[in-house]
4 protein chains.
Amino acid sequence: MSANQFGERFRWMTFGESHGPAIGVVIDGCPAGVTIDLNFVQAELNKRRPGQVGKVVSPRSETDQVEVLSGILEGKTLGTPIAMMIRNQDARSADYESVKAKPRAGHADDMWNLKFGHSDHRGGGRASGRETATRVMAGAVAQQVIQKLYPDLQFRTFASAIGRFELTDTEKENFIQSRQSYDEYSTRFPSGRNAEVESYLKDLQAKHDSVGGAVQISMKNVPLGLGQPVFHKLKSDLAAAFMSIGATAGVDLGGGDLSMTGQQFHSQSHSKNYGGVRGGISTGETITLTIFFKPTSSILDVARQGRHDPCIVIRAIPVVQAMAACVILDHLLWMRTDRI
Amino acid sequence: MSANQFGERFRWMTFGESHGPAIGVVIDGCPAGVTIDLNFVQAELNKRRPGQVGKVVSPRSETDQVEVLSGILEGKTLGTPIAMMIRNQDARSADYESVKAKPRAGHADDMWNLKFGHSDHRGGGRASGRETATRVMAGAVAQQVIQKLYPDLQFRTFASAIGRFELTDTEKENFIQSRQSYDEYSTRFPSGRNAEVESYLKDLQAKHDSVGGAVQISMKNVPLGLGQPVFHKLKSDLAAAFMSIGATAGVDLGGGDLSMTGQQFHSQSHSKNYGGVRGGISTGETITLTIFFKPTSSILDVARQGRHDPCIVIRAIPVVQAMAACVILDHLLWMRTDRI
Amino acid sequence: MSANQFGERFRWMTFGESHGPAIGVVIDGCPAGVTIDLNFVQAELNKRRPGQVGKVVSPRSETDQVEVLSGILEGKTLGTPIAMMIRNQDARSADYESVKAKPRAGHADDMWNLKFGHSDHRGGGRASGRETATRVMAGAVAQQVIQKLYPDLQFRTFASAIGRFELTDTEKENFIQSRQSYDEYSTRFPSGRNAEVESYLKDLQAKHDSVGGAVQISMKNVPLGLGQPVFHKLKSDLAAAFMSIGATAGVDLGGGDLSMTGQQFHSQSHSKNYGGVRGGISTGETITLTIFFKPTSSILDVARQGRHDPCIVIRAIPVVQAMAACVILDHLLWMRTDRI
Amino acid sequence: MSANQFGERFRWMTFGESHGPAIGVVIDGCPAGVTIDLNFVQAELNKRRPGQVGKVVSPRSETDQVEVLSGILEGKTLGTPIAMMIRNQDARSADYESVKAKPRAGHADDMWNLKFGHSDHRGGGRASGRETATRVMAGAVAQQVIQKLYPDLQFRTFASAIGRFELTDTEKENFIQSRQSYDEYSTRFPSGRNAEVESYLKDLQAKHDSVGGAVQISMKNVPLGLGQPVFHKLKSDLAAAFMSIGATAGVDLGGGDLSMTGQQFHSQSHSKNYGGVRGGISTGETITLTIFFKPTSSILDVARQGRHDPCIVIRAIPVVQAMAACVILDHLLWMRTDRI
């Protein structure tokens, strides 16, 4: 395994520094014959852009136009590696020398420097959150393959907590059962309190502050039998996927109340406590995980203060969904060799 | 990658059904020339046995004697695969036919049956918690290699929550800083309340009930620079490791209060909020994670009621430590190729 | 990837030193539901034993009884790792100290010692040809899975050259088309000259000498489409498999006359020049490879002179067939994810 | 493992169809801190171009300018993935529809079509020899890392046979010991007969014919201890590397005369019979392999007749060297974890 590669059957390798020439992904193992809509890939990418979110944050000028280099011909996958790339537009070479002198506080720059001996002083390099755009591209392909294989499988992803605001169980359930897009809420917090959250975030931004929060993902109509029983349990692969995202601090499966006793927890009416996974394997029920994020550290980056993300959770939603889709597709393909 | 294999540089594959002839592990990638004390391996295995825990549970008769099949000569690793095996003693063939007729409620048996078409009806098969003994063997080797490379590196692992009991921050910190073994507490809950917890658990057992809880692991003196920056972040590999254990429901890194704002969270005095990992890479500070466990489902297994584990957390401690050691060693070896 | 592991979908890890407690294999990725006949596994193992071959060589006492540790229940694969082991009987501890003092000339012992710092002085350790028994076990499982999936697929394997003796094209073709087993010839050289070859080999053995030779494998009725187009071409994976066997010196695909011009080579009547593989992918025609072996180096091992193998090719035949079966099965499984 | 990926520690994934937008490679696992000279990468690429070879072949207009997308900053590797790309210039869309209608005889197009359900009808797609340019880029990076680690290690690669012409042992040895570049000979056949070979090839080309041949690679001053003892023997990984190149038909290690008896073969004066590898591990002596190539099948491609390669061996030389360098570097990095 190499450091910049994810997945087993649906395997992809990402590349690119945030201020280098380009970032991109090469997907190896995508089955042939799937129609890929690049507009969907682009739309997913757009959801990751800072400026998309309710005017809460001032966008860095990321136009992020996807370019396909290989693997798709006349709209269909060839079974060959799918390479996709985004040129970096915002190289800001003017800021260059100042950043070089002083690694940005709160960022991983100094860790990289110590590890590799020298690092990319151009603004985050590979440690930048910008690398997540390559995940969104891979995930957008995965979602389309899944859609073809299991048209009823749905990813329902949203902000379940932003700072001191938390969704109620009813709000969560309503959104999951609805056909709404998370983008119908400017803060991706599907609640009547959305406007309140938006103003809270703008206030934090103005104060050069930030908060953490949580993303919930509920996957409906995932077929039974996904996951391998010991080390590649579905929950293990999903946890690895989510904890590989920059600001994550934790992952919960199911969200059952762990203060319950076993007799309560395992009673019929609480089967959702399992989160849709038992013995490492999907049960056919809705799979639910919650991913916790730390408050954004970019508040410490003087150059970005005031135009920083006050809560990274909002932009992380398409990234979480992309990672989940890649794990699910990996196991959908893996399942093809479980039996003779 | 295959389903029963873990790690990249320090890679191991496990085998064995709980009521088959044997369970075991083959470790590939262990450097040559390390002295391995088999007594340590056996001692770690013993800590995983039901009967070890404060007489809280009646032990299934697991003698679990480790047998080395290869890779160690005259007490030292050869650089060849280290195969270790435990014969299953407790095959209980008498119970056989009854179990065959009816998969045990609450267990993963039925999932396996649906996935693979047929499954091991002899009592859990590979889904049984018994497979974790193979992890403990791998981890006991890993711990000894680490000890040789970094004598100051320490794993401090303990039950931080058992049902409604939770350690205070002070209790946690005292134990981490001490030289105590978790085995000095019958419930592995290092608190003056240990006796109270023990009686609580006995009571649960008598009622055929169980509770969940949490294991905390704090790794001291881990060198800076472990972890790969994108997908093999140290936190991602650790999360995958812990979430591959049967009853886990969640993982937290650091345990910082996520309701803090960014300015609080990232202030100097809260650097422990990072949990010892930044940008996916170890900082040289203590690495702390908490792993959450569901209440034991074996309460639903009529054959084991009354001698079931009332809280799996206790036995899970050596397993958590073993998995952590394997991840840490993997990255210690990986780090050797980071630079020219 | 680790050093002692082979295959992608049908993946197996081997362990064991020649004079340690045991040698064995763990197979991960064998589909569930296949009936495995252990007598077939044992029969394949027996074909690898020195004593089997026309009384040409005096056998070392390798009884080599296979023991299944996991993965098979009531004769069928469970989808869990299949662990198989052979206890080493012939530990010859008497010879121990003398060998320790002086690595055996012509063997790889000294290479290992230099590489790993210390090595197994008990007689070859892991470098011994004895490790190939573990390959035969894996291959015997693979052959049975293939048989179930493609009953018409046949492996036709034989000695095509032993020292100065070479099969004619007609002899090769006759054997491939026949239903004969290679064991019907004491030297596994399917020719009227078999008795002559046998006496030649006995003569070499008496003179403490040896010769090289070649194994041909022809695989009939392999389905079209096996192999991946760039790095995992079928010919590449087969070459890697064969060149991982101890005494191999070369591999040829097809055996077309390379002195032909392109117009001759690619003409319709010579389609067998492709060896059944084009563009890295099986064509549905018979796949033919020849593997070349060096003269046995065990002639240099004083302790074994006179009872050494005068030509390793004979014993290598079941090993070659085992490796081929594992590669073919790997790609049969891989093919399941080529298309949507 | 995925189909378009090579190597373990020094791992790279390639992408691109011959008539798609671009071809490229992403290298993961290149250590940080190595100075990379892009002129060297470009020079290696140029050696692969048809037109370079003694005016023997009319070049297809492959300008093949390498573009670095990531992983190198200010001339040094960052330890992050190195992505390099070549835009395809020669898309020849005019020929498009005709090719679409009729897969090119003698090419792998039809195999791909059957395997993947649809294929790239634009002229070879991924099966085209054009993909080897991506290998040359990876190899050019590997060669520079090796140069830094082992300045004395040298790759001596050349055509040892072209059709009916074969180098004598003396010619081979002279070239290996010299400081000549293979490019000093228009046919890369280092012999006084070079001009004769050139005219032979021109004649073949005029007749729309081709021949096979052989490439010899001799690696000098490779350190002792490279290679893993069982499945990743150095010879096995090299064989896999070479047999993954399109037109290869065979690989020989050492080139010892296999008709020798063991006593001759293993005598002191023939230690070169081992080819520099024993027990799968490099001995410190020169490592020599010969790779055999089939006659070019592009003679069957009407569109290219007369400007086809009469002998692919010539262009294959930088590709063989690139693959060898990648394998050697992989094992140089691997060796760092052999011992404690």
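In the block above lies the structure referred to throughout.
Residues numbered from 1 in each chain as written. Chains lettered and ligands numbered in written order. Predicted model: local features only at pLDDT ≥ 70, side-chain atom pairs only at ≥ 80, totals over all residues. Heavy atoms only, no water.

Q: Explain the overall build of chain A here, please?
A: A count of helical and extended segments in chain A gives 9 helices and 14 strands. Within chain A, buried positions represent 69% of all 340 residues. A fraction of 72% describes how many contacts in chain A between residues 6 or more apart in sequence connect residues 24 or more apart. (Helix = DSSP H or I, 4+ residues; strand = E, 2+ residues; numbered from the N terminus. Buried < 20%, exposed > 50% of the residue type's maximum accessible area, 1.4 Å probe, protein only. Contact = heavy atoms within 4.5 Å.)

Q: How should the sheet that holds strand β1 (residues 5-6) of chain D be read in this particular structure?
A: The strands that make up a sheet are held in pairs by hydrogen bonds between backbone atoms, and each pair lies either parallel or antiparallel. All names here are of chain D. The strand order across the open sheet built from 5 strands is β1-β2-β3-β7-β4, with neighbouring strands paired in antiparallel fashion. If you trace the sheet from one side to the other, it starts and ends with β1 and β4 (66-70), each paired once. As defined by bridge partners, β4 adjoins strand β7 (residues 82-87) across 4 bridges and the pair is classed as antiparallel. Considered in β7, the bridge of serine 70 is made with alanine 83. Sheet contacts for helix α1 (residues 38-48): β4 and β7; angle to β4, the most-contacted strand, approximately 135 degrees. (Pairing = 2+ DSSP bridges. Axes fitted to C-alpha atoms, helices over the stretch in contact; angles between N-to-C directions.)

Q: Help me understand the relation of the copies chain C and chain B, please; the structure alone is not making it clear to me.
A: Both copies of the chain are related by one operation, a rotation about an axis with a shift along it. For the match of chain C to chain B, the screw axis carries a shift of 0.0 Å, the RMSD comes to 0.0 Å, and the turn is 180 degrees. The operation mapping one copy onto its partner corresponds to a two-fold rotation axis. The residues that chain C uses at the interface reappear at the interface of chain B in 100% of cases, marking a shared surface. (Least-squares fit on C-alpha atoms with pLDDT ≥ 70 in both.)

Q: Even after reading the chapter, I still don't get the interface of chain C and chain B, so can you show me in this structure?
A: Taken together, the contact between chain C and chain B spans 43 residues of the former and 43 residues of the latter. Contact between chain C and chain B buries roughly 3,400 Å² in total, counting both sides, with carbon and sulfur atoms accounting for 58%. On the surface where chain C and chain B come into contact, there are 2 salt bridges. Arginine 87 of chain B is the salt-bridge partner of glutamate 67 of chain C, the closest N and O atoms lying 2.7 Å from each other. Run the count over chain C and chain B and you get 12 residue pairs in polar contact (both at pLDDT 80 or more). Those elements giving two or more residues to the side of chain C that touches chain B turn out to be β2 (11-15), β3 (22-28), β4 (67-70), β6 (76-77), β7 (82-87), α2 (96-101) and α3 (109-116) of chain C. Among the residues making up the side of chain C that touches chain B, the classes are represented as 18 nonpolar, 14 polar and 11 charged. (Buried area = accessible area lost by both parts, 1.4 Å probe. Salt bridge = Lys/Arg side-chain N within 4 Å of Asp/Glu carboxyl O. Polar contact = N/O pair within 3.5 Å; in protein donor to acceptor, adjacent residues only side chain to side chain. Nonpolar A, V, L, I, M, F, W, Y, C, P; charged D, E, K, R; others polar.)

Q: Would you take a moment to explain the packing of aromatic side chains for this structure?
A: Two numbers describe a pair of aromatic rings. These are the distance of the centres and the angle of the planes. This structure, assessed with the given rule, holds 24 aromatic pairs over all chains. Judged by centre distance (5.4 Å) and plane angle (50 degrees), the ring pair of phenylalanine 6 of chain A and phenylalanine 231 of chain B falls under tilted. Residue phenylalanine 6 of chain A is located in strand β1 (residues 5-6), and its partner phenylalanine 231 of chain B is located in the loop between β10 (213-220) and α7 (234-243); the two belong to separate chains. Neither phenylalanine 6 of chain A nor phenylalanine 231 of chain B differs from the other in exposure class; each is buried. Feature note: the residues Phe6 and Trp12 of chain A together with Phe231 of chain B constitute an aromatic cluster, connected by ring pairs. One Lys or Arg, arginine 9 of chain D, reaches over the ring of tryptophan 334 of chain D and ends 4.5 Å from the middle of that ring. (Phe/Tyr/Trp six-rings, centres within 6.5 Å; stacked < 30°, edge-to-face > 60°. Lys NZ or Arg CZ within 6 Å of the ring centre and 35° of its normal.)

Q: Looking at this structure, how should I read the interface of chain B and chain A?
A: Interfaces are often sized by the accessible area lost when the parts come together. Taken residue by residue, the interface counts 81 residues in chain B and 81 residues in chain A. For the pairing of chain B and chain A, the buried interface totals around 6,400 Å² over both sides, and the portion due to carbon and sulfur atoms is 61%. Interface area lost by chain B to chain A is led by Met111, Lys115 and Phe231 of chain B, which between them contribute 13%. Counting across the interface, chain B meets chain A through 2 salt bridges. Across the salt bridge formed by aspartate 338 of chain A and lysine 115 of chain B, the nearest N and O atoms sit 2.6 Å from each other. At the surface where chain B touches chain A, the tally comes to 39 residue pairs in polar contact (both at pLDDT 80 or more). Within the side of chain B that touches chain A, the residues separate by chemical class into 36 nonpolar, 29 polar and 16 charged.

Q: Where do I start with helix α9 (residues 313-334) of chain B in this structure?
A: Because each turn of an α-helix spans 3.6 residues, side chains separated by three or four positions end up pointing in the same direction. Over its 22 residues, α9 of chain B extends 31 Å from the first C-alpha to the last, a length consistent with the 32 Å expected when each residue adds 1.5 Å. The buried fraction of α9 of chain B is high, at 22 of 22 residues. (Expected span 1.5 Å × (residues − 1).)

Q: When you look at the sheet that holds strand β11 (residues 248-253) of chain C in this model, what are you seeing that I'm missing?
A: In spatial order, the strands read β9(C)-β8(C)-β10(C)-β14(C)-β11(C)-β11(D)-β14(D)-β10(D)-β8(D)-β9(D); together these 10 strands make up an open sheet with antiparallel pairing. Each having just a single partner strand, β9 (165-166) of chain C together with β9 (165-166) of chain D make up the two edges of the open sheet.

Q: Can you help me understand the environment of methionine 219 of chain C in this one?
A: All names here are of chain C. Along the chain, methionine 219 falls in strand β10 (residues 213-220). As for methionine 219 and methionine 137, which are separated by 82 residues in sequence, their C-alpha atoms are 19 Å apart. Not counting the four nearest positions on each side in its chain, methionine 219 is found in contact with Gln154, Phe155, Leu238, Glu285, Thr286, Ile287, Leu289, Ala324 and Ile328.

Q: I keep staring at the packing of helix α4 (residues 132-149) of chain A against helix α9 (residues 313-334) of chain A and nothing clicks. Help me out?
A: The relative placement of two packed helices comes down to the angle between their axes together with the axis-to-axis distance. Residues and elements named next belong to chain A. The contact between α4 and α9 brings their axes to 7 Å, and the two run at 50 degrees. By the angle between their directions, the pair α4 and α9 is classed as oblique. You can see that α4 and α9 cross each other, and the crossing is left-handed. Contacts from Thr132, Arg135, Val136, Ala138, Gly139, Ala142, Gln143, Val145, Ile146 and Leu149 of α4 reach α9 at Pro318, Val319, Gln321, Ala322, Met323, Ala325, Cys326, Ile328, Leu329 and Leu332. Tallied by class, residues from the contact of α4 with α9 come to 15 nonpolar, 4 polar and 1 charged. (Parallel < 35°, antiparallel > 145°, perpendicular 65-115°, else oblique. Left-handed = near helix turned anticlockwise from the far one by under 90°.)

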